[in-house]
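# Inside the fold
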Amino acid sequence: MSLRNGNGTQDAEATAPGVRADTRKGASPSRALSRNERAAWLGLLSTHLKLLRTLDGELVAAERIPMSSFEVLLTLAEAPEGRLRMKDIAASLLISRSGLTRIVDDLERQGFVERRKCPTDARGFDAVLTAAGTKAYRRARKVHLTNLRREFLDKLTEEQLTALNDIWRTVGFDGSANAC
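Heads up: these notes are all about the structure in this document. Keep in mind it's a predicted model, so treat the numbers as computed, not measured. (Residues numbered from 1 in each chain as written. Predicted model: local features only at pLDDT ≥ 70, side-chain atom pairs only at ≥ 80, totals over all residues. Heavy atoms only, no water.)

### What about the overall build of the protein?
The cut-off we apply is this: Numbering of helices and strands runs from the N terminus; a helix is a DSSP stretch of H or I covering at least four residues, while a strand is a stretch of E covering at least two. Buried means the residue's accessible area, taken with a 1.4 Å probe over protein chains only, is under 20% of the maximum for its type, while exposed means over 50%, and partly exposed covers the values in between. Two residues qualify as a contact provided that any one of their heavy atoms is within 4.5 Å of a heavy atom in the partner residue.
Along the backbone of the protein there are six helices and three strands. Sequence-ordered secondary structure for the protein, helices as α and strands as β, is α-α-β-α-α-β-β-α-α. The proportion of buried residues among the 180 residues of the protein is 25%. Within the protein, contacts between residues at least 6 apart in sequence are counted, and of these 49% link residues at least 24 apart.

### Some thoughts on the packing of aromatic side chains
Stated precisely, the cut-off is as follows: Note on ring pairs: Phe, Tyr and Trp rings are taken, using the six-membered ring of Trp, and paired if centres are within 6.5 Å. Classes follow the plane angle, with under 30 degrees stacked, over 60 edge-to-face and the rest tilted.
On inspection of all chains with the given rule, the structure shows one aromatic pair. Ring centres 5.8 Å apart and planes at 20° place the aromatic pair Phe 70 and Tyr 137 in the stacked group. Here Phe 70 is found in helix H2 (residues 67-77), whereas its partner Tyr 137 is found in helix H5 (residues 131-151), with 67 residues between them in sequence. Using a relative accessible area of 0% as the deciding quantity, one classes Phe 70 as buried.

### With respect to the pairing of strand S2 (residues 113-118)
Counted only if it meets this: At least two DSSP bridges between two strands are needed for those strands to be called paired.
As paired elements, S2 and strand S3 (residues 121-129) share six bridges and run antiparallel to each other. Bridging from a neighbouring strand, Arg 115 pairs with Ala 127 of S3. Linking two consecutive strands that pair antiparallel, namely S2 and S3, is a turn of two residues.

### Here's the deal with the sheet that holds S3
Inclusion rule: The convention used is that axes are lines fitted to C-alpha atoms, helices contributing only their stretch in contact, and that angles between N-to-C directions extend from 0 to 180 degrees.
Pairing is antiparallel in the open sheet, where three strands are placed in the order S1-S3-S2. Of all strands in the sheet, those with a lone pairing partner are strand S1 (83-85) and S2, marking the two edges. Adjacent strand axes in the sheet meet at a mean angle of 30° when their direction is disregarded. Here S1 runs beside S3; their pairing, made up of three bridges, is antiparallel. The partner of Arg 85 across the bridge, within S3, is Asp 126. Sitting on the sheet, H2 is in contact with S1, S2 and S3, with an inclination near 100° to S3. Contacting S1, S2 and S3, helix H3 (residues 86-93) runs over the sheet at an angle of about 85° to S1.

### A word on the nonpolar core
Stated formally: Residues grouped as a nonpolar core are buried Ala, Val, Leu, Ile, Met, Phe, Trp, Tyr and Cys residues, joined through side-chain atoms within 4.5 Å.
One finds Val 72, Leu 73 and Val 113 to be the most contacted residues of the largest nonpolar core, which totals 26 residues. Sorting the residues of this core by element identifies helix H1 (35-63), H2, H3, helix H4 (97-109), S3 and H5 as the ones contributing at least two each. Other than its neighbours up to four places away in sequence, Val 113 contacts Leu 73, Leu 76, Val 104, Leu 107, Glu 108, Ala 127, Val 128 and Thr 130.

### A short note on the side chain of Asn 147
What counts, and what does not: Residues adjacent in sequence count toward polar contacts only when both atoms are side-chain atoms; beyond that, a polar contact is any pair of N or O atoms within 3.5 Å, and within protein one must be able to donate a hydrogen and the other to accept it.
For Asn 147, the position within the fold is in helix H5. Asn 147 sits in the buried class, given a relative accessible area of 4%. A distance of 2.7 Å separates polar atoms of two side chains, one belonging to Asn 147 and the other to Arg 150. For Asn 147, the residues in contact, after removing those within four places along its chain, are Leu 55, Glu 58 and Phe 152.

### Concerning the packing of H2 against H4
Put simply, the rule is: Any angle from 65 to 115 degrees is called roughly perpendicular, while one under 35 is roughly parallel, one over 145 is roughly antiparallel, and all others are oblique. By the convention adopted, Pro, Cys, Tyr, Trp, Phe, Met, Ile, Leu, Val and Ala count as nonpolar, Lys, Arg, Asp and Glu as charged, and the other residues, Gly among them, as polar.
Contact pair H2 / H4: the axes reach a minimum separation of 10 Å and the direction vectors enclose 85°. By the angle between their axes, H2 is roughly perpendicular relative to H4. Along its contact with H2, which presents Ser 68, Ser 69, Val 72 and Leu 73, the element H4 presents Leu 100, Ile 103, Val 104, Asp 106 and Leu 107. For the contact of H2 with H4, the residue count by class is six nonpolar, two polar and one charged.

Given below as structure tokens:
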């Protein structure tokens, strides 16, 4: 396949394998989205929004735990000793510290989480998963996984899942993050 620059002559620089030809050097990053780019972007956004709303609604209906609280419980359930610094939870979930404080306040009222002074930094606090929080997390996880499979994963073939994994890696997703 021949790549041509604006003058009709072939570019000396070839596009990297797997990268679309129109992303080569010299193309304006602020150019309008193509129909295909727009469909891909809007598809990602609308699918994400629909899934979050559905998963949140199912968790609230079944366990009275919103998705944001479930994510905190999940993060703590996977942490050593069920304990993490508040700032680390906020950073891993990409939420503000004040947003996390609101969520943890609610989880504390329900008896699912306790706040304790950080043993290594007197200025900081840890969120600690309680026994009741562990039970609530396990119940909510079943609801979450059932609905995640029904609404998303079971609709895709293994090949499509592999393609999505490749796409996320290409755009920079850190596969070491835990999401479920």
